[in-house]
Amino acid sequence: MTSIDVHELTKEYGTTRAVDRLSFRVQPGRVTGFLGPNGAGKSTTMRLVLGLDRPTSGSATIGGRSCAQLTEPLRTVGALLDAHAAHGGRTPRSHLAVLAASNGIPGSRVRAVLEETGLGDVGARRIKSFSLGMRQRLGIAAALLGDPRVIMLDEPSNGLDPEGIIWIRELMKRLAREGRTVLVSSHLMNETASFADHLVVLGRGRLLADMPMKQFLDSRSRPRVRLRTTEPARLHASLASKGLTGVPAEDGRWVIDGVTAAEIGALVAGEGIPLLELGDERATLEQAYLDLTAEDTPFAASPARNRQEA
Ligand SMILES: Nc1ncnc2c1ncn2[C@@H]1O[C@H](COP(=O)(O)OP(=O)(O)OP(=O)(O)O)[C@@H](O)[C@H]1O
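Residues numbered from 1 in each chain as written. Predicted model: local features only at pLDDT ≥ 70, side-chain atom pairs only at ≥ 80, totals over all residues. Heavy atoms only, no water.

Colleague: How would you summarise the overall build of the protein if you had to cite specific residues and measurements?
Modeller: Counting secondary structure elements, the protein contains 11 helices and 13 strands. Oriented by its inertia axes, the alpha-carbon framework of the protein measures out at about 75 × 45 × 45 Å. Across the 310 residues that make up the protein, the buried fraction comes to 45%. The contacts of the protein with a sequence gap of at least 6 include a subset with a gap of at least 24, amounting to 71%. A total of about 15400 Å² of accessible surface is found on the protein, and carbon and sulfur atoms cover 49% of it. In the protein, 39 side chains carry a positive charge and 35 a negative one; their mean positions are 6 Å apart. (Helix = DSSP H or I, 4+ residues; strand = E, 2+ residues; numbered from the N terminus. Buried < 20%, exposed > 50% of the residue type's maximum accessible area, 1.4 Å probe, protein only. Contact = heavy atoms within 4.5 Å. Areas by Shrake-Rupley, 256 points an atom, 1.4 Å probe, with all protein chains shown as cover. Lys, Arg positive; Asp, Glu negative; His and termini not counted. Charge placed at Lys NZ, Arg CZ, Asp CG, Glu CD.)

Colleague: Help me get a handle on the site of the ligand, residues and values and all.
Modeller: With respect to spatial proximity, 13 residues lie near the ligand, and among them G39, K42, S43, T44 and H187 are the closest. One nitrogen or oxygen atom from the main chain of G41 is found 2.9 Å from an oxygen atom belonging to the ligand. A distance of 2.5 Å separates an oxygen atom of the ligand from a polar atom in the side chain of T44. Alone, the ligand offers 640 Å² of accessible surface; in the complex the protein occludes 61% of this. (Near = heavy atom within 4 Å. Polar contact = N/O pair within 3.5 Å; in protein donor to acceptor, adjacent residues only side chain to side chain.)

Colleague: With reference to specific residues and values, describe the domain arrangement of the protein.
Modeller: Entries for the protein in the domain assignment read domain 1 (4–212) and domain 2 (222–280). Centre-to-centre, using C-alpha coordinates, domain 1 lies 46 Å away from domain 2. (Domains from an automatic or database assignment.)

Colleague: Got a sec to walk through the UniProt feature "domain: ABC transporter" (unreviewed entry) in the protein? Specific residues and values, please.
Modeller: As recorded in UniProt, the sites labelled "domain: ABC transporter" (unreviewed entry) are residues 4–229. From the first C-alpha to the last, residues 4–229 spans 51 Å; its make-up is 31% helix and 29% strand. (UniProt positions renumbered as here; feature names shortened; annotations may be inferred.)

Colleague: Give a detailed account of the sheet that holds strand β13 (residues 275–280), specifying residues and quantitative values.
Modeller: The pairing of strands in a sheet comes from backbone hydrogen bonds and takes either a parallel or an antiparallel form. Taken in spatial order, the four strands line up as β11-β12-β10-β13 in an open sheet, and their pairing is antiparallel. Where the open sheet ends on each side, the last strands, each with one partner, are β11 (246–248) and β13. Direction aside, neighbouring strands of the sheet carry axes that sit 25° apart on average. Pairing analysis gives five bridges linking strand β10 (residues 224–229) to β13, with the strands arranged antiparallel. By the bridge assignment, L227 is partnered in β13 with L278. Together, β10, β11 and β12 (254–257) form the strand contacts of helix α8 (residues 232–241), whose direction differs from that of β12 by roughly 5°. (Pairing = 2+ DSSP bridges. Axes fitted to C-alpha atoms, helices over the stretch in contact; angles between N-to-C directions.)

Colleague: I'd like a rundown of unusual backbone geometry, residues and numbers included.
Modeller: At R21, a residue that is not glycine, the phi angle is positive and equals roughly 45°. Within the secondary structure layout, R21 lies in strand β2 (residues 16–26). The phi dihedral of D147 is positive, around 50°, even though this residue is not glycine. Of note, D147 is situated in the loop between α4 (132–144) and β6 (150–154). Look at D147 and you get partly exposed, because its relative accessible area is 43%.

Colleague: Can you break down helix α9 (residues 261–271) residue by residue, with the values?
Modeller: Restricting attention to buried positions, one finds in α9 the residues A261, I264, L267 and V268. Within α9, the buried residues cover an arc of 130° as seen down the axis, which keeps them to one side. Across from the buried face of α9, at angles greater than 90 degrees, the exposed residues are A262, A266, A269 and G270. Residues of α9 that are buried sit in contact with β10, α8, β12 and β13. Phi turns positive, to about 70°, at G272, one or two residues after α9. (Arc of directions from axis to C-beta.)

Colleague: Account for the pairing of strand β1 (residues 4–13), with residues named and values stated.
Modeller: Bridging between β1 and strand β4 (residues 57–62) involves five bridges; their strand directions are antiparallel. Each residue of the ladder has a partner; that of D5, found in β4, is T61. Bridge count for β1 against β2 is seven bridges, and the pairing is antiparallel. Looking at the pairing, Y13 lines up with T16 of β2. A loop of two residues connects β1 with β2, the two strands running antiparallel in sequence, and G14 in this loop sits at a positive phi of about 60°.

Colleague: Outline helix α3 (residues 108–116), listing residues and values.
Modeller: For α3, the complete set of buried residues consists of V110, V113 and L114. Along α3, the residues classed as buried sweep out an arc of 105° about the axis, all on the same side. Tucked into the core, α3 has its buried residues touching α2 (92–102) and α4. With its phi angle positive at about 80°, G118 sits one or two positions after the end of α3.

What follows is the structure, given as structure tokens:
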């Protein structure tokens, strides 16, 4: 099995410490979402893993070897870092053919990945005429070219239309099901929640979290129930008898903090209070992420209060 191992990794650019003694492992067989505010060090880490930059100290390896040691790297790791990396004067076919030839990859893979990424009909067009979404698909085609065990994608949904976003989501899940190691950075929390099984979160170059998605959501949220009843006065009294408070929401529902739907269900059933709806309110990844990274977001807009004071 081929994991990505980052160990005590540090990268300094002059006085900026972009990555700060970072250690984590990306396991095969699942999609790992790579999150963090702007400038947190995600792209730098990916470049270090790919051997495109040298660490100040520490190590980053794929299957126990540094990328620089790999003679045909695209057969081990495929990456999308910059959708504009391909030369605009080339065609997708020639761009991919050059990559295939220099990595010992059979030419038949070029057509296969063009088809897989939906570029089968535009393989002979100049890349400079491509939209951002098409360039993004070409970058993904290049990442898949060598049928690698490890795939790293930096903001893969950038520029993709809704159909493309669904396609990339399903592709990443399938790659993980095939036992590959998939690391994906994104700023889109709903998106990440829809495909990631595991999360690695950075803030100012340091590790803030490394855990399964469900554990991340559970660890950063309190239980909360949302319900609808035809008898709010009886519900209110029943809640009060247990030291609970229901807060009416704008949509006619009630929100109760600090309890689960199972607990409320048992309570109201015992008293015969009719319910039209009852459910646990799930924490969103966006809420959990913002809560975790609040202190590590260097480019957050100032609150309105501060602007008024200025
Ligand atoms: N080549 C470089 N030279 C100097 N500083 C750099 C270089 N590359 C990155 N940095 C700095 O390192 C820090 C981390 O940047 P990086 O691009 O890795 O963050 P990121 O998490 O990928 O951010 P974003 O979400 O905005 O893409 C930033 O402060 C950035 O300015």
